[in-house]
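Structural overview for review
Listed here are the chains, written in short residue letters.
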Amino acid sequence: MSKLVIEGGTKLKGKVNISGFKNAALPIISAALLSNEECIIENVPLIQDINVLKDILIKIGAEVQIVDDNSLLIDSSQVKTCYLENGLSKKIRGSYYLLGAALGRFKEVLIPLPGGCDIGVRPIDQHIKGFEALGAEVIIDHGMVHAKAKELIGSKIYLDVVSVGATINIMLAAVYAKGRTIIENAAKEPHIVDTANFLNTMGANIKGAGTDIIRIDGVDKLKGCTYSVIPDQIEAGTYMIAAAATKGDIIIDNIIPKHLEPVTAKLKEMGMGIEEYGDSLRVFYQNKLIPANIKTLPYPGFPTDLQQPMTVLLSTITGKSQVIESIWENRFRYVDELVNMGANIEVKGREADIQGVEKLEGTIVKVTDLRAGAALIVAGLIADGLTELEDIYHIDRGYEYIENKFMNLGAKIKRVKN
Ligand code: EPU
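Residues numbered from 1 in each chain as written. Predicted model: local features only at pLDDT ≥ 70, side-chain atom pairs only at ≥ 80, totals over all residues. Heavy atoms only, no water.

A word on the site of the ligand. Of all residues adjacent to the ligand, which total 23 residues, the nearest are Tyr96, Ser163, Asp305, Ile327 and Arg371. Asp125 is positioned such that a nitrogen or oxygen atom in its side chain is 2.8 Å from a nitrogen atom of the ligand. Residue Arg331 places a side-chain N or O atom 3.3 Å away from an oxygen atom belonging to the ligand. The fraction of the free accessible surface of the ligand (830 Å²) that becomes covered by protein chains is 90%. At the level of secondary structure, the elements contributing two or more residues to the shell around the ligand comprise helix 1 (22–31), helix 4 (125–133), helix 5 (164–174) and helix 11 (370–382). (Near = heavy atom within 4 Å. Polar contact = N/O pair within 3.5 Å; in protein donor to acceptor, adjacent residues only side chain to side chain. Areas by Shrake-Rupley, 256 points an atom, 1.4 Å probe, with all protein chains shown as cover. Helix = DSSP H or I, 4+ residues; strand = E, 2+ residues; numbered from the N terminus.)

Let us look at unusual backbone geometry. Cis rather than trans, the peptide bond between Tyr299 and Pro300 has omega equal to 10°. If you trace the backbone, Pro300 turns up in the loop between strand 17 (293–295) and helix 9 (307–315). Positioned with a positive phi, Asn254 is a non-glycine residue whose angle comes to about 65°. Tracing the backbone through its elements, the reader meets Asn254 in the loop between strand 14 (249–253) and helix 8 (261–270).

Moving on: the sheet that holds strand 8 (residues 144–148). With antiparallel pairing, three strands are arranged side by side in an open sheet as 6-8-7. Since the sheet does not close on itself, it has two edges, and those belong to strand 6 (108–112) and strand 7 (137–141), each with one partner. Here the strands of the sheet are splayed against their neighbours by 10° on average, with no regard to which way each runs. The sheet strands contacting helix 3 (residues 97–106) are strand 6 and strand 8, and the helix crosses strand 6 at an angle near 160°. (Pairing = 2+ DSSP bridges. Axes fitted to C-alpha atoms, helices over the stretch in contact; angles between N-to-C directions. Contact = heavy atoms within 4.5 Å.)

Applying the stated criterion to the full structure yields 25 salt bridges. Across the pair Lys221 and Glu37 runs a salt bridge whose closest N-O atoms are separated by 2.7 Å. With Lys221 in the loop between strand 12 (213–217) and strand 13 (226–228) and Glu37 in the loop between helix 1 and strand 3 (39–42), this residue pair connects regions lying 184 residues apart in the sequence. What makes Glu37 partly exposed here is its relative accessible area of 31%. With a shortest N-O distance of 3.9 Å, Asp118 and Arg333 are connected by a salt bridge. Of the two residues, Asp118 sits in the loop between strand 6 and helix 4 while Arg333 sits in the loop between strand 18 (320–324) and helix 10 (335–340), which places them 215 residues apart along the sequence. Salt bridges linked by common partners bring Lys22, Asp49 and Arg397 together as one network. (Salt bridge = Lys/Arg side-chain N within 4 Å of Asp/Glu carboxyl O. Buried < 20%, exposed > 50% of the residue type's maximum accessible area, 1.4 Å probe, protein only.)

Dropping the structure here:
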């Protein structure tokens, strides 16, 4: 077990190169299962969640190789079924994309309910509603999901909640369905568009991704292709927020600035300087920042995955701020650790009321989930003295080379083996 040790107090300076987006790479890698030709997927972050998905694909018979630094070659021509036991697929949330992809290709799949961060109940009823509407029978028994269909037939599906996972999973299952599938009240996140673009490059016929109505016309065959995953807007947003918290001045490179608009708008409102240059942003501190109110919402609202680092930033801004978490009911668990560091935050259900304090104090903190880990790194960067982060395996699930990237920006952070 390793821990991260951070000595706070350095203003971040320099340039950080953003990796490919975990939450786009997971469905895209799963989607490669829909073709029996080779796919090369570039700009894949080499993080734990991707390693787990890679191992799962190998287990069911796919050939998966890392070619070049961040590219995966996937050949699933030899995969005949997708039956998994408890184990690997419980380690990540993204394994649920095998449901849609394998149901689409083999018309049957049996896998355990997915794992992932403990941030709320995380039901998959909307995924199931979609599969059933396409003609599948879905049974959940002893923690296993079994979906089976004689054939899949296009249908109109209205999602009761805006769900990233359900939108993508239904797209994956519907690409081979007969006729037209329409998903209404679809999620609009950039990774939905990225997955649809990948599928279309393979020969699918998907229109409307990025709006709340997606239309999928079934095709008979998907071919192999080469495709590059979009940059990780959550990783980028984490560095933007860290720049603000440390009163720094950094360039965030290899991004799509449009995907960061909700974060850019909020940081500007608080007084940060932000300049856009094609595929990069300069984020720089100018004057004392002012408090803000945040409500997490589906894209293009403020992302729930940046709620935690944002709360850390607000915790040291003089005045009152409020954060409302409307996506996950259990995403304030890290606040106890922040309070131990001296923050003044009161959590009532899905709402955190923050009274900005002058400074945080370094101490030993436990990481409770992936984004809580990123948030506690930001807290360590601005705290007086040393902060030690334990249980950092959560962070390694989703952030590539995190301590190296922060070190390159001047942070005093190191990984220490316990
Ligand atoms: N929901 C349902 N029923 C469903 C599906 C979702 O009620 O069948 C509810 C959820 O309980 C939640 C809301 O709908 O309240 C949104 O859930 P969504 O399905 O959009 O989330 P997800 O697909 O499980 C993905 C990301 C999360 C990110 C959310 C929201 C992956 C692997 N996970 O989860 O990322 O927070 O979308 O943007 O893509 C992270 O990266 O740290 C992370 C947690």
